[in-house]
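# Residue-level structural notes
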Amino acid sequence: LAKTTQPISMDSYEGQEVNITCSHNNIATNDYITWYQQFPSQGPRFIIQGYKTKVTNEVASLFIPADRKSSTLSLPRVSLSDTAVYYCLVVGYSTLTFGKGTMLLVSP
Amino acid sequence: EAGVAQSPRYKIIEKRQSVAFWCNPISGHATLYWYQQILGQGPKLLIQFQNNGVVDDSQLPKDRFSAERLKGVDSTLKIQPAKLEDSAVYLCASSLYPGDRVNEKLFFGSGTQLSVL
């Protein structure tokens, strides 16, 4: 089971780009990287998933280097409503396991 | 599309009492999960159902927790008797789970916040 490490918290201001990095040194060949977002008093919500290089959707971009030992979730031009906890998960053959996540606080 | 429904939203009980939580997954989702989220931590999987069969209950404290999904749709999670350390948010999630964990995209409900006094 690949363990993930991400910062406990990050601060940003509205309009800035935020990059949250996750390390997963023992990721397996068949594993994917998945990110979830959790707002207060709500369950987590799927954001994005990738295997290598770059994936982009309407919410975020995910950058994964060639060695796949880390990944970076990029949120363009954040707003106050992006304040949430962001979880990085390595998804493979085992059950989805959530770590403590990164608490992102966006200020005016 | 209706999301995952959970009830009640909040529950306060005293230790040693029993409590039950209900979950209605998204229509057509064969897989249902119960997670426990203690304040400040990420969700921890308690049990996973595929239709009405249990796929994984390795982290379910079976001496006090039980769960069922009799008709492969709704599910109930019960705690009996409750302990102080059971205070947490209990989240239900569902997914289509096409047999491939890589594509296992979970949809969560808003959870039930349990306080054990």
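Here is a short report on the structure shown in this document. Computed from a prediction, not measured in an experiment: that's the story for all the values here.

### Re the sheet that holds strand β6 (residues 61-64) of chain A
All names here are of chain A.
- Taken together, the four strands give an open sheet; going across it, the order is β2-β7-β6-β5, and neighbouring strands pair in antiparallel fashion. A strand with exactly one partner marks an edge of an open sheet, and here the two such strands are β2 (18-23) and β5 (53-56). Sheet twist, expressed as the average angle between the axes of neighbouring strands with direction ignored, equals 15°.
- Bridging between β2 and strand β7 (residues 70-75) involves six bridges; their strand directions are antiparallel.

### A look at the environment of B:L91
Residue and element names in this part refer to chain B.
- Structurally, L91 can be placed in strand β9 (residues 88-95).
- Taking relative accessible area as the criterion, L91 reaches 0% and is therefore assigned buried.
- Sequence separation of L91 and S110 is 19 residues, and the distance between their C-alpha atoms is 6.7 Å.

### What about unusual backbone geometry?
- A cis geometry characterises the amide bond from B:S7 onward to B:P8, with omega recorded as -10°.
- Mapping B:P8 onto the fold places it in the loop between β1 (5-7) and β2 (10-13).
- A cis geometry characterises the amide bond from B:Q80 onward to B:P81, with omega recorded as -5°.
- Here B:P81 lies in the loop between β8 (75-79) and β9.
- Positioned with a positive phi, A:T53 is a non-glycine residue whose angle comes to about 60°.
- Following the sequence through the fold, A:T53 ends up in strand β5.
- Among the residues examined, A:T53 registers a relative accessible area of 52% and is labelled exposed.
- With a phi close to 45°, A:R77 is a non-glycine residue in the positive phi region.
- Residue class for A:R77 comes out exposed when judged on its relative accessible area of 67%.

### Here's the deal with the nonpolar core
- Of all hydrophobic cores here, the largest spans 21 residues; its most connected members are B:F21, B:W34, B:L77, B:I79, B:Y90 and B:L114.
- Sequence-distant contacts of B:I79, defined by excluding residues within four places in its chain, comprise B:Q17, B:S18, B:V19, B:F21, B:R64, B:F65, B:D86, B:Y90 and B:L114.
- Formed by 20 residues, the second largest nonpolar core is a distinct cluster that contains A:I33, A:I64, A:Y86 and A:L104.

### Some thoughts on the pattern of salt bridges
Residue and element names in this part refer to chain B.
- In the structure shown here, the tally under the stated rule is two salt bridges over all chains.
- With a shortest N-O distance of 3.7 Å, D57 and K62 are connected by a salt bridge.
- Close ionic contact of R64 with D86 constitutes a salt bridge, the shortest N to O distance being 2.5 Å. With R64 in the loop between β6 (53-56) and β7 (65-68) and D86 in the loop between β8 and β9, this pair connects stretches of sequence that are 22 residues apart.
- Looking at R64, the relative accessible area reads 11%, which means it is buried.

What counts, and where the lines are drawn
- Residues numbered from 1 in each chain as written.
- Chains lettered and ligands numbered in written order.
- Predicted model: local features only at pLDDT ≥ 70, side-chain atom pairs only at ≥ 80, totals over all residues.
- Heavy atoms only, no water.
- Pairing = 2+ DSSP bridges.
- Helix = DSSP H or I, 4+ residues; strand = E, 2+ residues; numbered from the N terminus.
- Axes fitted to C-alpha atoms, helices over the stretch in contact; angles between N-to-C directions.
- Buried < 20%, exposed > 50% of the residue type's maximum accessible area, 1.4 Å probe, protein only.
- Core = buried A, V, L, I, M, F, W, Y, C linked by side-chain atoms within 4.5 Å.
- Contact = heavy atoms within 4.5 Å.
- Salt bridge = Lys/Arg side-chain N within 4 Å of Asp/Glu carboxyl O.

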